[in-house]
Amino acid sequence: VTPEMERHGIPTVIVATDTFVQFVRRMAATQACPYVAIAETPNPVRGLDPKALRVRVEAMMPAVVDGLTLPPAELERRTKAAMKGQVQPVRASLPV
């Protein structure tokens, strides 16, 4: 859904825990949306009481606001800067 909305000019933000951010980024890239905004929070979130969950949500709000309001070129620049030095996914030569 997110890549399709982005292709139509509708800004989106994916919310994910730190455990799944790289997976989310790779999946978005397979849908031609490698620089989608991701609001990240530490894993786990399951079982958090409402007060602790609210703290997590409030911590993600700047990423959500940026993802919905910044120009795509700025999101791409920030994502590239954040990913610099990280291991990049490679395509397998054989089907997995």
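Since this is a predicted model, take the numbers as computed values, not measurements. (Residues numbered from 1 in each chain as written. Predicted model: local features only at pLDDT ≥ 70, side-chain atom pairs only at ≥ 80, totals over all residues. Heavy atoms only, no water.)

Low pLDDT marks stretches whose predicted atomic positions should not be read closely. Mean pLDDT for the chain: 88, with 88% of residues reaching 70 or above. Ranking the elements of the chain by mean pLDDT puts helix 1 (residues 2-7) last, at 83, and helix 3 (residues 50-69) first, at 97. (pLDDT = per-residue confidence, 0-100. Helix = DSSP H or I, 4+ residues; strand = E, 2+ residues; numbered from the N terminus.)

With that settled, the discussion passes to helix 3. Taking 1.5 Å per residue as the helical rise, helix 3 with its 20 residues ought to reach 28 Å, and the 27 Å between its terminal C-alpha atoms agrees with that figure. When helix 3 is considered as a whole, its buried residues turn out to be Arg56, Met60, Val64 and Gly67. Residue Asp49 occupies the N-cap position of helix 3, its side-chain oxygen lying 3.0 Å from the main-chain nitrogen of Lys51. (Expected span 1.5 Å × (residues − 1). Buried < 20%, exposed > 50% of the residue type's maximum accessible area, 1.4 Å probe, protein only. Polar contact = N/O pair within 3.5 Å; in protein donor to acceptor, adjacent residues only side chain to side chain.)

When you tally the buried positions in strand 2 (residues 37-41), you get four out of five residues, the bulk of the element. Where the polypeptide runs from strand 1 (residues 13-17) across helix 2 (residues 21-30) and back to strand 2, its parallel neighbour, the crossover connection is right-handed. (Right-handed = clockwise from strand over helix to strand, strands pointing away.)

Let us now look at the pattern of salt bridges. Side chains that differ in charge, positive against negative, can pair when their charged atoms come close. Counting across every chain of the model gives six salt bridges. When the shortest N-O distance is used, the salt bridge between Arg78 and Asp66 registers 3.0 Å. With Arg78 in helix 4 (residues 72-83) and Asp66 in helix 3, this pair connects stretches of sequence that are 12 residues apart. On the basis of relative accessible area, Arg78 is assigned to the partly exposed category, the value being 39%. Ionic pairing is found between Lys80 and Glu76, a salt bridge with its closest N-O pair at 2.9 Å. Taken together, the positions of Lys80 and Glu76, both in helix 4 and four residues apart, correspond to about one turn of that helix. For Lys80, a relative accessible area of 44% corresponds to the partly exposed category. If you follow the salt bridges from partner to partner, you end up with Asp66, Glu74, Arg77 and Arg78 in one network. (Salt bridge = Lys/Arg side-chain N within 4 Å of Asp/Glu carboxyl O.)

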